[in-house]
Protein chains: 2
Amino acid sequence: MDQHRVTFTLNRLVGELNTTADRVLRKDFGLTYSQFLFLVHLDSAGTVSSSVLAKNMGVSRAAVSKRIPWFTSRGLVRSGHTPSDNRVLTLSATSQGKRLVAEMSDHLEQRFREKFDSLEGVDLDELNRTLLCVLDHFQQQPREAAMAT
Amino acid sequence: MDQHRVTFTLNRLVGELNTTADRVLRKDFGLTYSQFLFLVHLDSAGTVSSSVLAKNMGVSRAAVSKRIPWFTSRGLVRSGHTPSDNRVLTLSATSQGKRLVAEMSDHLEQRFREKFDSLEGVDLDELNRTLLCVLDHFQQQPREAAMAT
DNA sequence: CACTTTCTGTCAACTAGTTGACAGAATAAT
DNA sequence: ATTATTCTGTCAACTAGTTGACAGAAAGTG
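Residues numbered from 1 in each chain as written. Chains lettered and ligands numbered in written order. Predicted model: local features only at pLDDT ≥ 70, side-chain atom pairs only at ≥ 80, totals over all residues. Heavy atoms only, no water.

1. Some words on the overall build of chain A
Just so we agree on the cut-off: Going along the chain from the N terminus, every DSSP run of H or I of four or more residues is numbered as a helix, and every run of E of two or more is numbered as a strand. In this setup the radius of gyration rests on C-alpha atoms only. A globule is expected at 2.2 Å times the number of residues raised to 0.38. Burial classes: relative accessible area under 20% of the type maximum marks a residue as buried, over 50% as exposed, and values in between as partly exposed (1.4 Å probe, protein chains only). The contact criterion used throughout is that any non-hydrogen atoms of two residues lie within 4.5 Å. Surface accessibility follows the Shrake-Rupley procedure with a 1.4 Å probe radius. Residue values consider only the protein chains on display as shielding. Charge counting follows a simple rule: Lys and Arg are positive, Asp and Glu are negative, and His as well as the terminal groups are ignored. Every charge is mapped onto a representative atom, which is NZ of Lys, CZ of Arg, CG of Asp or CD of Glu.
Assigned secondary structure in chain A consists of 7 helices and 3 strands. The helix and strand sequence of chain A, counted from the amino end, reads α-α-β-α-α-β-β-α-α-α. Relative to the 2.2 N^0.38 estimate, which gives 15 Å for 149 residues, the radius of gyration of chain A is 19 Å and therefore markedly larger than a compact globule would have. With the C-alpha coordinates of chain A rotated into their principal frame, the extents come out at 55 × 50 × 25 Å. Buried positions account for 40% of the 149 residues belonging to chain A. In chain A, 47% of the contacts between residues at least 6 apart in sequence involve partners at least 24 apart. Here chain A displays about 8,600 Å² of accessible surface, and carbon together with sulfur accounts for 49% of that area. Side chains of chain A carry 19 positive and 17 negative charges; the gap between the two charge centres is 10 Å.

2. Focus on the protein's contact with DNA strand C
Where we set the bar: Throughout, near means a residue has at least one heavy atom within 4 Å of the molecule or strand. Nitrogen and oxygen atoms within 3.5 Å of one another constitute a polar contact, given that in protein one can donate a hydrogen and the other can accept it, and given that sequence-neighbouring residues count only through two side-chain atoms.
Taken together, 20 residues sit near DNA strand C, with Ser60 of chain A together with Ser51, Arg61, Ser65 and Arg87 of chain B positioned nearest. At the protein interface, 57% of the atoms of DNA strand C within 4 Å belong to sugar or phosphate. Interatomic distance of 3.2 Å between a side-chain N/O atom of Arg67 of chain A and a phosphate oxygen of DNA strand C. Contact distances for DNA strand C include 3.0 Å between a phosphate oxygen and a backbone N or O atom of Ser50 of chain B. Secondary-structure elements contributing two or more residues to the surface near DNA strand C are helix H4 (61-73) of chain A together with helix H3 (50-57) and helix H4 (61-73) of chain B. Considering every element that reaches the surface near DNA strand C, the biggest residue donor is H4 of chain A, with 4 residues.

3. Examining the pairing of strand S3 (residues 89-93) of chain A
Along any regular strand the residues' side chains alternate between the sheet's two faces. Residue and element names in this part refer to chain A. Rules: Any two strands are treated as partners once DSSP identifies two or more bridges connecting them.
Of all 5 residues making up S3, 4 are buried, and the element is well covered by its neighbours. Bridge count between strand S1 (residues 47-49) and S3: 3 bridges; the pairing is antiparallel. Bridging from a neighbouring strand, Ser49 pairs with Thr90 of S3. For strand S2 (residues 77-81) and S3, the ladder comprises 5 bridges, and the chain directions are antiparallel. Bridge pairing in S3 places Arg78 opposite Ser92.

4. Structural notes on the protein's contact with DNA strand D
What counts is decided by this rule: For this classification, Asp, Glu, Lys and Arg are treated as charged, while Ala, Val, Leu, Ile, Met, Phe, Trp, Tyr, Cys and Pro are nonpolar and the rest, including Gly, are polar.
Around DNA strand D, the structure places 19 residues, and the nearest of them are Ser51, Arg61, Ser65 and Arg87 of chain A together with Ser60 of chain B. Near the protein, within 4 Å, the atoms of DNA strand D are sugar or phosphate in 58% of cases. In the environment of DNA strand D, a phosphate oxygen lies 3.0 Å from a nitrogen or oxygen atom belonging to the backbone of Ser50 of chain A. Within the contact set of DNA strand D, a phosphate oxygen lies 3.2 Å away from a backbone nitrogen or oxygen of Asn86 of chain B. For the surface near DNA strand D, the elements supplying multiple residues, two or more each, are helix H3 (50-57) and H4 of chain A together with H4 of chain B. In terms of residue count, the dominant contributor to the surface near DNA strand D is H4 of chain B (4 residues). Class assignment of the residues belonging to the surface near DNA strand D gives a composition of 6 nonpolar, 7 polar and 6 charged.

5. Considerations on the interface of chain A and chain B
Quick reminder of the rule: Buried area: the accessible area, evaluated with a 1.4 Å probe, that two parts lose upon being put together, summed over both parts. Should a side-chain nitrogen of Lys or Arg be within 4 Å of a carboxyl oxygen of Asp or Glu, the pair is scored as a salt bridge.
Across the boundary between the two partners, chain A contributes 45 residues, which contact 45 residues of chain B. Contact between chain A and chain B buries roughly 5,000 Å² in total, counting both sides, with carbon and sulfur atoms accounting for 73%. At the surface where chain A touches chain B, the tally comes to 0 salt bridges. Counting across the interface, chain A meets chain B through 10 residue pairs in polar contact (both at pLDDT 80 or more). Within the residue set of the side of chain A that touches chain B, elements represented by two or more residues are helix H1 (5-29), helix H2 (33-45), helix H5 (95-117) and helix H6 (124-139) of chain A. The biggest single contributor to the side of chain A that touches chain B is H1 of chain A, with 14 residues.

6. Re the confidence of the model for chain A
Filter applied, for reference: Per-residue confidence from the prediction method is given by pLDDT, with values spanning 0 to 100.
Put simply, chain A has an average pLDDT of 88, and 91% of its residues get 70 or more. In this model residues 143-149 of chain A is a low-confidence stretch, pLDDT under 50, and it forms 1 contact with partners more than four residues away in sequence or in other chains.

7. Thoughts on the nonpolar core
Our working rule: Each nonpolar core is a collection of buried residues, namely Ala, Val, Leu, Ile, Met, Phe, Trp, Tyr and Cys, held together in the definition by side-chain atoms within 4.5 Å.
Counting 30 residues, the largest nonpolar core has Leu10, Leu127 and Leu131 of chain A together with Leu10, Leu127 and Leu131 of chain B as its most contacted members. When residues no more than four places from it in sequence are discounted, the contact partners of Leu131 of chain B are Val6, Thr9, Leu10, Leu13 and Leu127 of chain A together with Leu10 of chain B.

8. Some words on the relation of the copies chain A and chain B
Operational definition: In this comparison the copies share one frame, found by least squares on the C-alpha atoms of residues holding pLDDT of at least 70 in both.
For the match of chain A to chain B, the screw axis carries a shift of 0.0 Å, the RMSD comes to 0.0 Å, and the turn is 180 degrees. Taken together, these values place the two copies in the relation of a two-fold axis. For chain A, the minimum C-alpha distance to the rotation axis belongs to Leu10 of chain A and amounts to 3.7 Å. Comparing contact sets, 98% of the residues at the interface of chain A also lie at the interface in chain B, consistent with an isologous, same-surface contact.

9. Some thoughts on the sheet that holds strand S1 (residues 47-49) of chain B
Residue and element names in this part refer to chain B. What counts here: Geometry is summarised by axes, namely lines fitted to C-alpha atoms with helices restricted to the contacting stretch, and by angles between N-to-C directions that run from 0 to 180 degrees.
Spatially, the 3 strands line up as an open sheet ordered S1-S3-S2, and their pairing is antiparallel. With partners counted over all chains shown, the strands left at the sheet margins are S1 and strand S2 (77-81), one partner each. Taken pair by pair, the neighbouring strands of this sheet meet at an average axis angle of 30 degrees, ignoring direction.

This is the structure:
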């Protein structure tokens, strides 16, 4: 319980970051952090099916399915069936949704900068690179499954 | 949505780490990662009240309260009222609980090492220090609340 | 002492996820 | 062409957390 304490630190940090982001967004936009994330994913994906969005978000199809009405009823997301494949429900952010998510992103980024401008000795870009490296290394390891043929 | 992408990376990484830890612990011990965390906190705290444990874990008192029977019924946790204060419910890990959490920690750490021995170019201890520094800087910032007197 | 406040654990009602089952549409196989 | 498989979104039932209310015990205050 000493070496993998990095994982504890990571958990504490993201907990703190997400809680703070949530508080800010609730106060200034009336939306949850997880609602923000939904819009971010949808916005960056353009037009996607419900199940692709679920996969992108790392969440079950059912979870996405249940949240859709909340967003459509507020005019933030548009949903409809494509003629090409009657199964899939096509989702995209409305212009209002895109505008909102842009505002929220800007706001959050500004807050974030304010906090970390004064942080000397840590290069956040380098930190990000390191984390991506760790993540990459960690993900390309399911050999047990791949080799079990 | 460019600068605070560090936060996205962080979220992805801890998601991956926790999911993996959960899978390992379920398979080899039949316990959840969050059950493991419960025991870790309790073990490292020694003997604590329910509400202190809740605070340590960053979770509500009700959440802890509801989970206790699961652990006591399996003989992993002991709970009882102290004579000094009849309100508080005193919790501690049984010797069986301690043994289990030690085994789980060892197992997890071993798996963790296996994965990251081969990772060159990243010093995990240094990463941990950096993260702690960021966390520290981030936490000592609630000036708005503190100054509003 | 009487009182108010604070703190404890628990309850009910809610939220946002999960899994497993399902029907229907698209695709693959024979 | 039929049959089988796969993929879609949704439903029901469950899980693990939340908040807000509560009663009872402890501590503070007049």
